[in-house]
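Structural features, examined
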Amino acid sequence: MNAPEPTAPSAPVSPASHAHPRFAEALAELGLQVEVRRFPDATRTAAEAAAAVGCELSAIVKSLVFAADGVPVLVLMDGSSRVDVELVRRELGAGKVERADAAVVRESTGYAIGGVPPFGHATRTRVLADRRLLDQAVVWAAAGTPHTVFPLDPETLIAHAGATVADVRESAE
């Protein structure tokens, strides 16, 4: 008897089948039906995710956690850009902003670095979304693991993340 053919890792699946359980629960609570794709190789970095999906680097959403005066804040940035920490500091009115360490990322979001989704976190966190994300028709973000991503239009993603749109991208000078 022949074994059934395995399905391709990029085949459409139900949100719960490959997404992190907490993220799958968030999708269900929000009533979002998205195609979660799982890849055999990690999509931990924006470049890995773009290569796996087959999209431009700028269509990847990086979910980056910073500490603003010691309080975690999430910044959503396109994959081809870097966050300007000084612009984040000014936007938040904070005295000091720095990258959060892995323990703070996991504690505040419930996910490990490389798999942090834009919403569905363990704790409510302030979120900034760089305005450049709105240049894309569709963006791809982590679905709670370093091997999973999902597509969504940026307006919907920003709305569900509860994000404030701001200019926090490092200039390309």
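In the block above lies the structure referred to throughout.
Residues numbered from 1 in each chain as written. Predicted model: local features only at pLDDT ≥ 70, side-chain atom pairs only at ≥ 80, totals over all residues. Heavy atoms only, no water.

1. Points about the sheet that holds strand S7 (residues 148–152)
Spatially, S1-S7-S6 is the arrangement adopted by the 3 strands of the open sheet, whose pairing is antiparallel. The two strands at the open ends of the sheet, each matched to only one other strand, are strand S1 (37–38) and strand S6 (139–142). By the bridge criterion, 4 bridges tie S6 to S7 in an arrangement that is antiparallel. By the bridge assignment for S7, Ala142 is matched with Val149. (Pairing = 2+ DSSP bridges. Helix = DSSP H or I, 4+ residues; strand = E, 2+ residues; numbered from the N terminus.)

2. Overview of the packing of aromatic side chains
When we look at a pair of aromatic rings, we describe it by the centre distance and by the angle of the planes. Applying the stated rule across the entire model yields 3 aromatic pairs. Judged by centre distance (5.1 Å) and plane angle (40°), the ring pair of Phe23 and Phe150 falls under tilted. One end of the pair, Phe23, is in helix H2 (residues 21–30); the other, Phe150, is in strand S7, with 127 residues separating them in the sequence. Exposure class is identical for Phe23 and Phe150. Each is buried. (Phe/Tyr/Trp six-rings, centres within 6.5 Å; stacked < 30°, edge-to-face > 60°. Buried < 20%, exposed > 50% of the residue type's maximum accessible area, 1.4 Å probe, protein only.)

3. Considering helix H5 (residues 102–109)
For H5, every residue scored as buried is listed here: Val105, Ser108 and Thr109. End-on view of H5: buried residues confined to an arc of 80°, all on one side of the axis. For H5, the exposed residues lying more than 90 degrees away from the buried face are Ala103 and Glu107. Buried residues along H5 sit in contact with H2, strand S2 (61–68) and strand S3 (71–78). Backbone nitrogen of Ala103 and a side-chain oxygen of the N-cap are separated by 3.1 Å at the start of H5; the cap is Asp101. Positioned one or two residues after H5, Gly110 has a phi angle of 90°, which is positive. (Arc of directions from axis to C-beta. Contact = heavy atoms within 4.5 Å. Polar contact = N/O pair within 3.5 Å; in protein donor to acceptor, adjacent residues only side chain to side chain.)

4. Things to note about the pairing of S2
Across a regular strand the side chains alternate sides, sitting on one face of the sheet and then on the other. Most of S2 is tucked away, with 7 of its 8 residues classed as buried. Pairing between S2 and S3: 8 bridges, direction antiparallel. When the bridges of S3 are listed, Val61 appears paired with Asp78. The antiparallel hairpin formed by S2 and S3 contains 2 residues in its connecting segment, where Asp69 sits at a positive phi of about 50°.

5. A look at the nonpolar core
Counting 28 residues, the largest nonpolar core has Phe23, Leu76, Phe150 and Leu157 as its most contacted members. Mapped onto this core, the elements with two or more residues apiece are H2, S2, S3, strand S5 (126–130), S6, S7 and helix H6 (154–161). The contacts of Leu76, once residues within four sequence positions are left out, are Val61, Lys62, Ser63, Pro118, Val127, Leu128, Ala129, Asp130, Leu133, Leu157, Ala161 and Ala163. Ranked by size, the runner-up nonpolar core spans 14 residues in total, among them Leu64, Ala68, Val75 and Val97. (Core = buried A, V, L, I, M, F, W, Y, C linked by side-chain atoms within 4.5 Å.)

6. Notes on unusual backbone geometry
Peptide bonds are, in most cases, trans, and in most cases residues other than glycine have a negative phi. Positive phi, close to 50°, is recorded for Asp69, a residue that is not glycine. Of note, Asp69 is situated in the loop between S2 and S3.

7. Things to note about the environment of Arg38
Along the chain, Arg38 turns up in strand S1. Along the sequence, Arg38 and Val53 sit 15 residues apart, while their C-alpha atoms lie 10.0 Å from each other.

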